[in-house]
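# Chains, contacts and geometry: an overview
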Amino acid sequence: MTTSIPPVEMTVLSPLDGTLVGTLPCAGAEEIRAAVATARTASREWARTTPEERGRLVRAAADALAQHAEELAALNTRETGKLAPEALGGVLAGVGTLHQYAELGPVHRGHALRGGTLASDYTVAEPRGVVAAITPWNDPVAVAAGLLGAALVTGNTVVHKPSERCPHTGARLGEILAAALPDGVLVTVTGGPETGRTLAEQADLDVLAHVGSTETGRAIARAALDTGAHVIRENGGNDPLVVDDDVDPAWAAEQAAIGAFTNAGQICTSVERIYVHRAVAEPFLAALAAEARRRNHEAALAPLVDGRMRDAVHGHVRAALEGGATALEGGEVPEGPGSFYPATVLRDCTDAMPVMTEETFGPVAPVRVVDSFAEGLHLAARDRYGLAATVLTGRIAHAQRAIAELPAGTVKVNNVFGGAPGGAAQPRRDSGAGFGYGPELLDEMTQVKVVHVEMPPSS
């Protein structure tokens, strides 16, 4: 029996044109153990640092990131193909997130408890210790900033492993942020799946925070069963869109296109499957195909992150076409360099097709026509994922029913990417567990100590 040897380095090619971005080392077991040990040593002093001072330093890290925003965005575009304006927007979103946590951390508070008249009872939030943050490639700076900011400002130290699909972006992000922080508070390691697996298995971790695929999330959760680490994970989704019969089909198609095609469909909460009422199905499908065609003709889509991802996306499309679906637009792998894939609209899809049952993570809008809003809602709810869902309806009763019946962490009504700043959600089922964003992430990164104080008996 042969044992596979993990690679010692990884090479990244740009999905834009296949040219070399660069090569970085893959951290091995010894380097990972050393990184965790460094973070553990630093955690003692960092936990004793006042919340106000931690907030000041995280704010300084955010300011440093802002100064390097253009550089980091350009690197992100080279590694993942993300459109330049969206890449810059992601970096600036990361800056804003770090600023937000710098403000929220010092005011994160416990609760007073009802006790005796001459006693004090309250809770104190304490850092958990060392956090391993394993982050994705599709919005690498913004997502990492959320986990890192919340962990750091609450007094935890962090070992960050960015995705192997954008390791240069992750490594540079780590350099920029760590320069504003005390030594050892933030350590970055680069590598592929083996590096991530080894990191997750470290016994001296207190938190495993992961944003990425369901398969990887499950492996991380299994590792935590042995180590006892607290797990926070936002994983895959198969987010539905339900279109009612009383909405403007052209507007609904625009919403569907935004949800399915933004960032070439490579967003955790992208629209992955569509259920449209028969009464508006034909004009909706025509308008959606026109939205896709416009994006394809204007070259307004980013490439998929690499050829492996394109093969997976096209595999879903090909299976749907072989199963009886029709492509109204797209559906073919284009010629030329890079890993581009066209905005694709599929009609006559069934829930037996992988494009409807699995996360495609590409610019594909598969559509099934239904006879009623209730049928669409029923089909939307019948899924193993539970990240987010959207309904487009003008009826308050239908909106309320959707809110009550859809088993997802987030339900959006009449806006596929709507949401207030600082919002948070708990993904369900195969989409993960725990709060991954917002003020609630501070609770995930801390543990509660209950304190009872009273006077001794008088002598």
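Description of the structure in this document. Bear in mind that the values here come from a model prediction, so they are computed numbers and not experimental data.

With that settled, the discussion passes to the pattern of salt bridges. Per the stated rule, a full pass over the model turns up 30 salt bridges. Among the salt bridges present, the one from Lys-449 reaches Glu-126, with a minimum N-O distance of 3.0 Å. With a gap of 323 residues between them, Lys-449 in strand β17 (residues 446–454) and Glu-126 in strand β3 (residues 119–127) connect regions that are remote in the sequence. For Arg-347, the salt bridge goes to Glu-282, with nearest N and O atoms at 2.9 Å. Taken together, the residues Arg-347 in strand β12 (residues 344–347) and Glu-282 in helix α10 (residues 278–297) connect sequence positions 65 residues apart. Since its relative accessible area comes to 18%, Arg-347 is described here as buried. Among the residues examined, Glu-282 registers a relative accessible area of 47% and is labelled partly exposed. A single salt-bridge network, built from bridges that share partners, covers Arg-218, Glu-358, Arg-384 and Asp-430.

This brings us to the side chain of Glu-291. Here Glu-291 is to be found in helix α10. A distance of 3.3 Å separates a polar atom in the side chain of Glu-291 from a polar atom in the side chain of Arg-294. Here the side chain of Glu-291 touches Arg-295 through a polar contact of 2.8 Å, side chain to side chain.

If you walk across this open sheet you meet the 6 strands as β6-β5-β4-β7-β8-β16, and the pairing is mixed. A strand with exactly one partner marks an edge of an open sheet, and here the two such strands are β6 (186–188) and β16 (432–433). Inspection of the sheet shows strand β5 (residues 157–161) paired to β6 by 3 bridges, in the parallel sense. Across the sheet, Val-158 pairs through a bridge with Leu-186, a residue of β6. Each of β4 (130–134), β5, β6 and β7 (207–211) touches helix α5 (residues 140–153); the most contacted strand, β5, lies at about 160° to it. Packed on one face of the sheet, helix α6 (residues 167–178) meets β5 and β6 and runs near 160° to β6.

Neither face of strand β9 (residues 240–243) is left uncovered, since the one carrying Pro-240 and Val-242 and the one carrying Leu-241 and Val-243 both have all their residues buried. Bridge analysis of β9 against strand β10 (residues 273–277) gives 4 bridges, and the strand direction is parallel. In the sheet register, Val-242 faces β10, and the bridge partner there is Tyr-275. Taking the sense of rotation as the criterion, the β-α-β connection linking β9, helix α9 (residues 249–261) and β10 turns out right-handed. Bridge count between β9 and strand β14 (residues 388–392): 3 bridges; the pairing is parallel. Each residue of the ladder has a partner; that of Val-243, found in β14, is Leu-392.

Glancing now at the nonpolar core. In this structure, Leu-65, Leu-148, Leu-152, Val-158, Leu-177 and Met-445 are the most contacted members of the largest nonpolar core, which totals 45 residues. Broken down by element, the residue count for this core peaks at 10 residues, all from α5. Dropping the residues within four chain positions of it, Leu-148 is found in contact with Ala-133, Val-158, His-160, Leu-177 and Leu-186. In this structure, Ala-264, Ala-320, Met-353 and Phe-361 belong to the second largest nonpolar core, which totals 30 residues.

About the thresholds
Residues numbered from 1 in each chain as written. Predicted model: local features only at pLDDT ≥ 70, side-chain atom pairs only at ≥ 80, totals over all residues. Heavy atoms only, no water. Salt bridge = Lys/Arg side-chain N within 4 Å of Asp/Glu carboxyl O. Helix = DSSP H or I, 4+ residues; strand = E, 2+ residues; numbered from the N terminus. Buried < 20%, exposed > 50% of the residue type's maximum accessible area, 1.4 Å probe, protein only. Polar contact = N/O pair within 3.5 Å; in protein donor to acceptor, adjacent residues only side chain to side chain. Pairing = 2+ DSSP bridges. Contact = heavy atoms within 4.5 Å. Axes fitted to C-alpha atoms, helices over the stretch in contact; angles between N-to-C directions. Right-handed = clockwise from strand over helix to strand, strands pointing away. Core = buried A, V, L, I, M, F, W, Y, C linked by side-chain atoms within 4.5 Å.

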